[in-house]
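# Reading the structure
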Amino acid sequence: MRGIMYDLIIIGSGPAGLSAAVYGKRAGLELLVIEQSGMSGGQVLNTYEVDNYLGMQGMNGFDMGMQFRAHADKLGVSFIEETVLKIESGEKVRTVVTGKNRFETKTVIIATGASHAKLGVTGESELSGMGVSYCATCDGAFFRNRTVAVVGGGDVAVEDAIFLARACEKVYLVHRRDELRAAKILQDRLMELSNVEILWNQIVTEIEGKDQVEKMKLQNTKDHTAAEKEIDGIFVAVGIRPNTTGIEGLPDMDENGYIQAGEDGRTSMEGIFAAGDVRTKRLRQIITAVADGANAVTSVQEYLLNL
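Nothing here was measured: the structure is a model prediction, and the numbers come from that model.

## Focus on the state of the cysteines
Under the definition given, this model contains 1 disulfide. One disulfide in the model links Cys135 with Cys138; its S-S distance is 2.2 Å. One quick way to see it: the torsion about the S-S bond of Cys135 and Cys138 is about 70°, and its sign makes the bridge right-handed. Among the residues examined, Cys135 registers a relative accessible area of 15% and is labelled buried. Exposure remark for Cys138: the relative accessible area of 21% places this residue in the partly exposed category. Of the cysteine sulfurs around Cys168, a residue in no disulfide, the closest is that of Cys135, at 14 Å.

As structure tokens, this is what we get:
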């Protein structure tokens, strides 16, 4: 692949990157997808069941990721597994530098996604997709009339608790401090809900269960006393971080590290576009990531026409 001048290089092979690859290939672009791990699909691979993707309700997340990749493979998309270290931007040529190679391209789509911050406790990774979730809007419907916990104290955590309270019998909100960081209007709405109980000054120390979440162990941050609660699911909402660290030469980012780009994917740098969870946006879901990939390729085509 060295020595080729690509029309497009896509960094990342989650739903946004794979969507961009499909649309780019169908547009006749000479393109390459660089993925950090040899398994395409992104975060969806760790989702036990996807119930909100149009027409594919109830599909296992791993199977969905494999279907996305199979679509790209059928069109003959080229993939390479390497770690991107830098993007060098010239007047008409961009160079994507990895640990092994330098790839020249006319345009770049950054689709590296974002990662949910983890609690880092025993049972979290083992029960991921089996009651441990990082997306209430994705997985909340599976816990109707059951007991769940939300961990966090910011806007997302409180919004998740409010959302889950509509369908769940009981919702615990676990927060390490004695006051929430969420907006006052959200706190007011939360306090009105009779089936939500806030566990102040508590941290989760362990998640237990056999093939499914059954309980969480807690520790008081002030007196260090221990407790436990029986639950059917736990939603971790302690932050999400864009996967932009370690790559030099990126476009302008906001204070949280997300690449500043609108729906068209255009960034502060000519010929460089962003798609999916890595860009500034309100809703980070599989369906919006797929749409981002298509929109970004449309912008790439417009850019290439004007070269």
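## Some remarks on the nonpolar core
Among the nonpolar cores identified, the biggest contains 31 residues, and Ile10, Leu31, Met64 and Ile109 are the most heavily contacted of them. Of all the elements in the fold, those that place two or more residues in this core are β1 (5-11), α1 (15-26), β2 (31-35), α2 (61-74) and α6 (286-305). Sort the elements by how many residues they give to this core and α6 lands first, with 7 residues. Look past the residues within four positions of Ile109 in its chain and what remains in contact with it is Leu8, Ile9, Ile10, Ile11, Ala20, Phe273, Ala275, Ala296, Val297 and Val300. Core analysis: the next-biggest nonpolar cluster, separate from the first, contains 21 residues, Val148, Cys168, Leu180 and Ala182 among them.

## Quick look at the pattern of salt bridges
Taken as a whole, this structure holds 14 salt bridges when the rule is applied. Of the charged contacts, one joins Glu302 and Arg266 as a salt bridge, the two residues approaching to 2.8 Å between their closest N and O atoms. Of the two residues, Glu302 sits in helix α6 while Arg266 sits in the loop between β16 (240-242) and β17 (272-274), which places them 36 residues apart along the sequence. Given a relative accessible area of 40%, Glu302 falls into the partly exposed group. Looking at Arg266, the relative accessible area reads 34%, which means it is partly exposed.

Reading the values: rules and limits
- Residues numbered from 1 in each chain as written.
- Predicted model: local features only at pLDDT ≥ 70, side-chain atom pairs only at ≥ 80, totals over all residues.
- Heavy atoms only, no water.
- Disulfide = S-S within 2.5 Å.
- Buried < 20%, exposed > 50% of the residue type's maximum accessible area, 1.4 Å probe, protein only.
- Core = buried A, V, L, I, M, F, W, Y, C linked by side-chain atoms within 4.5 Å.
- Helix = DSSP H or I, 4+ residues; strand = E, 2+ residues; numbered from the N terminus.
- Contact = heavy atoms within 4.5 Å.
- Salt bridge = Lys/Arg side-chain N within 4 Å of Asp/Glu carboxyl O.

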